[in-house]
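The primary structure of each chain is shown beneath.
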Amino acid sequence: MRKEFFIASFMVSVLMISLYFILPEKYLLAHLSISFIIAVILLIGLHDAFQKKHAIKRNFPIFGNFRYLLESIRPEIQQYFIERNTDGKPYSREERSVVYQRSKNELDTVPFGTQQNVYNLGYEWVNHSIAVKHVDHEKLRVTIGSKDCKKPYDASLLNISAMSYGSLNKNAILALSKGASLGNFAHNTGEGSISPYHLEGGADLIWQIGTGYFGCRKDDGTFSDELFEEKAKLEAVKMIEIKISQGAKPGHGGILPKGKITPEISKIRGVSMDEDVISPPTHSSFTTPLELLQFIQKCRELSGGKPVGIKLCIGKRREFMSICKAMIKLDIFPDFITVDGGEGGTGAAPIEFTNNIGTPSVDGLIFVHNCLVGFNIRNKVKIVATGKITTAFSIIKLLALGADLTYSARSMMLALGCIQALRCNANVCPAGIATNNPHLMQGLVVDEKYKRVYNFHRQTLKSVAEMLGAMGLSSGQEVRPWHIVTRYNAFENRNYKELFDFVSAGDFLKNQIPGQYKDAFERSHPDSFEYIGSPEPMITGK
């Protein structure tokens, strides 16, 4: 094709030059206009033919550009012309549509029956009751606070998950905060600290503290008691969440290049503008399970007795068991534990970390619940679950697996107007949410969008209340594993109680440890996250 391009270019050039001398004068203007267009196309072709970066463009001048053009709009073609209502990743069109409809208070019913294949393996449902009950959606709340907590918080069943200012712009943060304030539910700040826009919106805040200790760090990046106490005692801050890891990139730190540090971000996060800011993969304030619990207790005391919890994606199971053993040894308990899934969420991350590191949310939630039950401390710690919440069923499913309440990030972004363009990490979000480009930000009108956040939350909880009532239950606390049924194979259905192993209260203390937990239990210790004992020898000679 490259050879043919040179031949064609030569012939077209000769033809256009010849026509210039042959055509009557009245056609010369039109001829020059066409010649200019052709010259531009030929110059593009010549550039393609002699550049060295792209083999396709070099071998197929001009035409090779269409490959890159179509590749750039592939997500849009897929979303608008190819995917069905039940397709689309990570959220299907059906899931996105129900968020849009509820956030706008539009008709959200489905005509002509379900589009799901109810006989597919993995299809799930709840069984309804003849004795239907009325449930008030405004009473679907959970009190968080252990014995050492002086200021327990009455949380909604659904809250906004962690998204930092910087990852989202000020308009998005302000709209989320105002929506949460109107709907009386909590807004997690993310690890980027508390921005003026979190406070301006008036929401109840869950202040997340990450490994960078943004907003409460000394100049050397370590934790500052004084700065933490100052912010933790703000009236808007209702709870503190210590982030150990997140599902999008567990075990992965981060770098904020100095070129992206504005004076505002420098002030909010408490960092210098003169150098890159490192978020290490681990905390510097603790290195053992015991130290983690002592750090939780210190934060609780510095905050004036507010609930303090941890967020993590389950990795090595013995490490979490070590934390549970430390709780019993010190008689110190986090007020809540947020379980994130290895499938990730709003956080951008390397593909290996998103796809192949960390326990998925369902498995992690069951494990954490079982550990707390097995050590007989489940009544002391609340569990917050995350994971693709768009409907009432997705909330009730998490409650059945052991959660007390839930977080959602992506559905709240959808309520703001996110179209799942998958451009969150490129600063070109077309909906003006995950971008700091002022021309794109202006598309997000706070006075309109905060109402949609409120509407989505309210309509979703109303659906939860209706679903609970249809199941014959009075509250979310009554949901149990056997309430969810799944099609196990072509001939058999099983409920979650039959599908998953759930332990009884105190089993681990009675040495009644299921096989899949036994090794992690025996290899864990409250004094260390390290492997206790001698690991099995590796098989050699393969």
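Everything here concerns the structure above.
Residues numbered from 1 in each chain as written. Predicted model: local features only at pLDDT ≥ 70, side-chain atom pairs only at ≥ 80, totals over all residues. Heavy atoms only, no water.

**Observations regarding the overall build of the chain**
Turning to step 1, where the next piece is worked out: When helices and strands are tallied, the chain shows 20 helices and 15 strands.
Turning to step 2, where the next piece is worked out: Judged by the C-alpha coordinates and their principal axes, the chain covers about 100 × 65 × 60 Å.
Turning to step 3, where the next piece is worked out: Among the 542 residues that make up the chain, the fraction classed as buried is 48%.
Turning to step 4, where the next piece is worked out: For the chain, the share of sequence-separated contacts (at least 6 apart) that also reach a separation of at least 24 residues comes to 69%.
Turning to step 5, where the next piece is worked out: Roughly 27,300 Å² of accessible area belongs to the chain as shown, and the carbon and sulfur atoms make up 56% of that amount.
Turning to step 6, where the next piece is worked out: Of the charged side chains in the chain, 63 are positive and 54 negative; the average position of the first set lies 3 Å away from that of the second. (Helix = DSSP H or I, 4+ residues; strand = E, 2+ residues; numbered from the N terminus. Buried < 20%, exposed > 50% of the residue type's maximum accessible area, 1.4 Å probe, protein only. Contact = heavy atoms within 4.5 Å. Areas by Shrake-Rupley, 256 points an atom, 1.4 Å probe, with all protein chains shown as cover. Lys, Arg positive; Asp, Glu negative; His and termini not counted. Charge placed at Lys NZ, Arg CZ, Asp CG, Glu CD.)

**Focus on the sheet that holds strand E14 (residues 484–489)**
Turning to step 1, where the next piece is worked out: In spatial order, the strands read E1-E14-E15; together these 3 strands make up an open sheet with antiparallel pairing. The strands lining the two open edges of the sheet, one partner per strand, are strand E1 (124–126) and strand E15 (492–495). Direction aside, the axes of adjacent strands within the sheet are offset by 35 degrees on average.
Turning to step 2, where the next piece is worked out: By the bridge criterion, 3 bridges tie E1 to E14 in an arrangement that is antiparallel. Looking at E14, one finds that Trp125 is bridged to Val485. (Pairing = 2+ DSSP bridges. Axes fitted to C-alpha atoms, helices over the stretch in contact; angles between N-to-C directions.)

**Observations regarding the packing of aromatic side chains**
Turning to step 1, where the next piece is worked out: For the structure shown, the criterion picks out 16 aromatic pairs.
Turning to step 2, where the next piece is worked out: For the pair Phe508 and Tyr517, a centre-to-centre distance of 5.8 Å together with 50 degrees between the ring planes defines the contact as tilted.
Turning to step 3, where the next piece is worked out: Since its relative accessible area comes to 4%, Tyr517 is described here as buried.
Turning to step 4, where the next piece is worked out: Aromatic ring contacts, followed pair by pair, group Trp207, Tyr213, Phe223, Phe228, Phe286 and Phe295 into a single cluster.
Turning to step 5, where the next piece is worked out: Over the ring of Tyr488 we find Arg494; its NZ or CZ atom is 3.9 Å from the centre of that ring. (Phe/Tyr/Trp six-rings, centres within 6.5 Å; stacked < 30°, edge-to-face > 60°. Lys NZ or Arg CZ within 6 Å of the ring centre and 35° of its normal.)

**Brief notes about helix H2 (residues 28–50)**
Turning to step 1, where the next piece is worked out: A rise of 1.5 Å per residue sets the reference length of H2, with its 23 residues, at 33 Å; its end C-alpha atoms lie 32 Å apart and thus fit the reference within 8%.
Turning to step 2, where the next piece is worked out: Buried within H2 are the following residues: His31, Ser35, Leu42, Gly45, Asp48 and Ala49.
Turning to step 3, where the next piece is worked out: Taken together, the buried residues of H2 touch helix H1 (2–22), helix H3 (55–59) and helix H4 (64–72). (Expected span 1.5 Å × (residues − 1).)

**Side note on the packing of helix H12 (residues 317–330) against helix H20 (residues 515–522)**
Relative orientation and spacing of two packed helices are given, respectively, by the angle between their axes and the distance between those axes.
Turning to step 1, where the next piece is worked out: Relative orientation of the contacting elements H12 and H20 amounts to 65 degrees, with a least axis distance of 8 Å. Comparing the axis directions of H12 and H20 gives the class roughly perpendicular. For the crossing formed where H12 meets H20, the hand is right-handed. Note on element contacts: H20 touches H12 through Gln516, Tyr517, Ala520 and Phe521, opposite Arg317, Arg318, Met321 and Lys325. (Parallel < 35°, antiparallel > 145°, perpendicular 65-115°, else oblique. Left-handed = near helix turned anticlockwise from the far one by under 90°.)

**Focus: the nonpolar core**
Turning to step 1, where the next piece is worked out: Among the nonpolar cores identified, the biggest contains 125 residues, and Phe228, Phe320, Ile337 and Ile433 are the most heavily contacted of them.
Turning to step 2, where the next piece is worked out: When sequence neighbours within four positions are dropped, the list of residues in contact with Ile433 reads Ser167, Leu168, Asn169, Ala172, Met413, Leu416, Gly417, Cys418 and Leu444. (Core = buried A, V, L, I, M, F, W, Y, C linked by side-chain atoms within 4.5 Å.)

**Considering the pattern of salt bridges**
Turning to step 1, where the next piece is worked out: As enumerated under the stated definition, the model contains 19 salt bridges in all.
Turning to step 2, where the next piece is worked out: For Lys147, the salt bridge is made with Asp331, and the minimal N-O distance between the two is 3.6 Å. Within this pair, whereas Lys147 is found in the loop between strand E2 (141–144) and strand E3 (153–156), its partner Asp331 is found in the loop between H12 and strand E11 (336–340), the two being separated by 184 residues in sequence.
Turning to step 3, where the next piece is worked out: Among the residues examined, Asp331 registers a relative accessible area of 41% and is labelled partly exposed.
Turning to step 4, where the next piece is worked out: The partner of Glu522 in a salt bridge is Lys518, and the shortest N-O contact between them spans 3.5 Å. Separated by 4 residues within a single helix, Glu522 and Lys518 lie in helix H20, roughly one turn from each other. (Salt bridge = Lys/Arg side-chain N within 4 Å of Asp/Glu carboxyl O.)

**Considerations on the packing of H1 against H2**
Turning to step 1, where the next piece is worked out: The interhelical angle for the contact between H1 and H2, taken along N-to-C directions, is 160 degrees, at an axis separation of 11 Å. Taken together, the axes of H1 and H2 lie roughly antiparallel to each other. Judged by the sense of rotation from one axis to the other, the crossing of H1 with H2 is left-handed. Here Arg2, Phe5, Phe6, Ser9, Val12, Ser13, Met16, Leu19 and Tyr20 of H1 lie close against H2, whose contacting residues are Leu28, His31, Leu32, Ile34, Ser35, Ile38, Leu42, Gly45, Leu46, Ala49 and Phe50.
Turning to step 2, where the next piece is worked out: Here the residues of the contact of H1 with H2 are counted per class, giving 14 nonpolar, 5 polar and 1 charged. (Nonpolar A, V, L, I, M, F, W, Y, C, P; charged D, E, K, R; others polar.)

**So, unusual backbone geometry**
Turning to step 1, where the next piece is worked out: We note that Tyr213 has phi near 50 degrees; this positive angle belongs to a residue other than glycine.
Turning to step 2, where the next piece is worked out: Here Asn376, not a glycine, exhibits a phi torsion of approximately 60 degrees, which is positive.
Turning to step 3, where the next piece is worked out: If you trace the backbone, Asn376 turns up in the loop between helix H14 (361–374) and strand E12 (382–385).

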